[in-house]
Amino acid sequence: MSTASIPGLGDTETPPTQHAELLAWVREVAELTTPDRVVFADGSDAEWDRLTTRLVEAGTFTRLNDDIKPNSFIGNSDPSDVARVESRTYICSRDEADCGVTNNWMDPTEMRAVMTELYRGCMAGRTMYVVPFCMGPLEAESPKLGVEITDSEYVVVSMKVMTRMGAAALEKLGTDAPFVKALHSLGAPLADGQADVAWPCNEIKYITQFPEDREIWSYGSGYGGNALLGKKCFSLRIASVMARDEGWLAEHMLILKLISPEQKVHYVAAAFPSACGKTNLAMLEPTIPGWRVETLGDDIAWMTFGDDGRLRAVNPEFGFFGVAPGTNWKTNPNAMRTIEQGNSLFTNVGLTDDGDVWWEGMEGTPEHLVDWKGNDWAPGSEALSSHPNSRYCTPMNQCPILAPEWNDPEGVPISAILFGGRRATTVPLVNEARDWQHGVFMGATLSSEQTAAAEGAVGTVRRDPMAMIPFIGYNVGDYFQHWIDLGKGADADKLPKIFYVNWFRRGPEKQFLWPGFGENSRVLKWVIGRLEGTAAAVETPIGHVPTAADLDLDGLTEPAEDIEASLVVDVDEWKAEIPLIEEWFAKIGDKVPTGLRDELETLKQRLG
Ligand code: GTP
Ligand code: SPV
Ligand code: MN
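Computed from a prediction, not measured in an experiment: that's the story for all the values here.

Novice: If you had to explain the nonpolar core to someone new, which residues and values would you point to?
Specialist: Membership of the largest hydrophobic core comes to 155 residues, with the highest contact counts inside it found for Leu281, Met303, Ile417, Leu418, Phe419 and Trp483. The element best represented in this core is helix 7 (residues 230-246), accounting for eight residues. When neighbours within four sequence positions are excluded, Ile417 is seen to be in contact with Met253, Ala269, Met303, Leu311, Trp436, Trp483, Pro496, Lys497, Ile498 and Phe499. Membership of the second largest hydrophobic core comes to 37 residues, among which are Met106, Phe179, Tyr206 and Tyr219.

Novice: Let's hear about the UniProt feature "domain: Phosphoenolpyruvate carboxykinase C-terminal P-loop" (unreviewed entry) in the protein: which residues, and what values?
Specialist: Taking the numbering used here, the UniProt-annotated feature "domain: Phosphoenolpyruvate carboxykinase C-terminal P-loop" (unreviewed entry) corresponds to residues 248-606. End C-alpha atoms of residues 248-606 are separated by 33 Å, and the span's content is 24% helix alongside 23% strand.

Novice: Residue-level account of the sheet that holds strand 18 (residues 345-347), with values.
Specialist: Sheet strands pair via backbone hydrogen bonds, and the direction of the pair is either parallel or antiparallel. The mixed open sheet is built from five strands, whose spatial order is 2-3-18-23-17. In this open sheet, the two strands that pair with only one neighbour each are strand 2 (61-63) and strand 17 (319-323). On average, adjacent strands in this sheet sit at an angle of 20° to one another, irrespective of strand direction. Alignment of strand 3 (residues 73-75) against strand 18, held across three bridges, turns out to be parallel. Bridge pairing in strand 18 places Ile74 opposite Phe346. Contacting strand 17, strand 18 and strand 23 (391-395), helix 9 (residues 333-340) crosses the sheet at an angle of about 65° to strand 23.

Novice: Talk me through the site of ligand 1; I want residue IDs and the actual numbers.
Specialist: As a structural note, the neighbourhood of ligand 1 is formed by 22 residues, with Ala275, Lys278, Thr279, Asn280 and Arg391 the closest of them. In this structure, Asp299 approaches ligand 1 through a side-chain N or O atom, which is 3.0 Å from an oxygen atom. Contacts to ligand 1 include Arg422, whose side-chain N or O atom sits 3.2 Å from an oxygen atom. Burial of ligand 1 by the protein chains amounts to 92% of its free accessible area of 660 Å².

Novice: Tell me about the coordination of the manganese ion (ligand 3), and please be specific about residues and values.
Specialist: Distances from the manganese ion (ligand 3) to its protein donors, Lys232 (NZ), His252 (NE2) and Asp299 (OD), fall within 2.2 to 2.4 Å. Bound by six donor atoms, the manganese ion (ligand 3) shows angles of 67 to 172° at the metal and therefore irregular coordination geometry. All donors of the manganese ion (ligand 3) belong to a single chain; written as a sequence motif, their spacing is K-x19-H-x46-D. With Lys232 in helix 7 and Asp299 in the loop between strand 14 (292-297) and strand 15 (301-305), this residue pair connects regions lying 67 residues apart in the sequence. A single burial state applies to Lys232 and to Asp299, both of which are buried.

Novice: Give me the lowdown on helix 12 (residues 521-532), citing residues and values where you can.
Specialist: For helix 12, which comprises 12 residues, the first-to-last C-alpha distance of 16 Å matches the rise-based estimate of 16 Å (1.5 Å per residue) to within 8%. A large share of helix 12 lies buried, amounting to nine of its 12 residues. For helix 12, the complete set of buried residues consists of Ser521, Arg522, Val523, Leu524, Trp526, Val527, Ile528, Gly529 and Arg530. One or two residues past the end of helix 12 sits Gly533, with phi positive at roughly 75°.

Here is what the cut-offs are and how they apply
Residues numbered from 1 in each chain as written. Chains lettered and ligands numbered in written order. Predicted model: local features only at pLDDT ≥ 70, side-chain atom pairs only at ≥ 80, totals over all residues. Heavy atoms only, no water. Core = buried A, V, L, I, M, F, W, Y, C linked by side-chain atoms within 4.5 Å. Buried < 20%, exposed > 50% of the residue type's maximum accessible area, 1.4 Å probe, protein only. Helix = DSSP H or I, 4+ residues; strand = E, 2+ residues; numbered from the N terminus. Contact = heavy atoms within 4.5 Å. UniProt positions renumbered as here; feature names shortened; annotations may be inferred. Pairing = 2+ DSSP bridges. Axes fitted to C-alpha atoms, helices over the stretch in contact; angles between N-to-C directions. Near = heavy atom within 4 Å. Polar contact = N/O pair within 3.5 Å; in protein donor to acceptor, adjacent residues only side chain to side chain. Areas by Shrake-Rupley, 256 points an atom, 1.4 Å probe, with all protein chains shown as cover. Donors = N, O, S within 2.8 Å, 3.2 Å for Na, K, Ca; no water. Tetrahedral: all angles 85-135°; square planar, octahedral: opposite > 155°, others 65-115°. Expected span 1.5 Å × (residues − 1).

What follows is the structure, given as structure tokens:
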């Protein structure tokens, strides 16, 4: 293809690829969106320096003090663009039934027409970046490639942290490798001479997946999961459809490695809804002597049965996009050590006078800072220094407890899967499923109080199946059936055991009953004890739950009655859950698998 046919690419420039489909798509998008320039991102340090400098000049970024956080930046967003927008998230399957009730649906042809009009001329006055990336190890047998086209420099540098981005991914694309097309625009064209704003975005937002075409179209937001399209859009919504078709799982799960005092190794995957503790558990520092945790991933797991019959997990990401508030040297020292090394991007946090970041919950409250909205802030200020969904974006390989096998394309064999949510009542600290199908029922009926990670009323309890409600790329009933089928097709002895945890139960004074964070190692120890047949539990109507005596509580200073209360299975509270589960299943309709209806009947009978 002649370069002149890509508008925006200089006459003397040659595209760094001969991938015909990619070049044709780049040209088509450039013709539609009319950027001033087209740039192929190579992922180099020089490119990072160029773009971060440009972001500082544009007022989007503030460079932090290099003596404290080298090569790091704060970028504060428009106050209207701070989280995922579930009400604007669409699964545009050809058949509406393939979307179901967990996301919004529009006919794909209609959506393409609507969004094409939005995209027309939308990059005017801006640079269009072509960003090749790979989710999961580049060395995989068939690496999962994508290309994001974006008009946001913030997205390009964030993609460098979060994915294997640039020249290496482009090389893997070769001349004809398949890839996910991911188109992103801020929806903020600039007229000739029009001054830019620090955080361009549009009031109109669409986060659209076309599952059959393995394609993503995002418009109007520059933030996180709305704009970094390798993350939720590709690695969960599109990948869950690939996984259904190919017999694997794409899940909203952390992956950790647990090493016992006897040096026995177990890998654990855990699904908690957004802002419910995955990053913290993934980087846990055990409080019980002799136990160690190493991290493999904090948000997404792709799991496939290996030749050995074990379910093996790979983290498709390359960085952490973690919740900032509440992160401190006590709750998550390993996250603090990771960001301390620099090379990190912070969004919607406070900027201290010495050029460092600060957020609610961090040690060393400063006397003064500039808050995420650019206002002066001091202790006692009414406003928060940081948005509750403010984030740090930091390279995974800076994590001091990264497991050495983190980049292994074979993945790690999972011994246990934890589901969990944020519930002030009802749900005990930990509960073991009787078998795979019961575990799938636990996941399918997972409930959690909503957090600031998406729009909506914080605190409202909703069902969040497998912590995937905003991320399932197809019908949730079919998704449950897929989970059941995978279990049926596997060797039962080799399947991971399933557990359900709740770190967030509260007492009469609204205090958390369980201390959480590093103390969660005590629950992990019990889980391993269950796998190895050494830990005891009581059979309750909802599953196998430990008594306080079954947990290692040595050295814990919390009141014994709080710990005991965290473990209670209250039959009346659980009876009150039944209509909520029935309502949830009714909403899904005919596609609820028979196996899960059976589990609900069993639960009702057991509750009496
Ligand atoms: P996403 O990145 O949105 O998917 O979230 P995540 O699941 O990784 O959540 P994260 O680990 O960042 O935790 C979110 C919030 O929950 C933070 O404010 C934590 O401080 C808090 N949190 C995490 N673990 C615990 C715990 O064990 N107990 C309590 N009480 N709070 C916790
Ligand atoms: C989540 O909301 O679950 C996140 C952050 O991990 S985002 O990338 O914005 O989706
Ligand atoms: Mn997440």
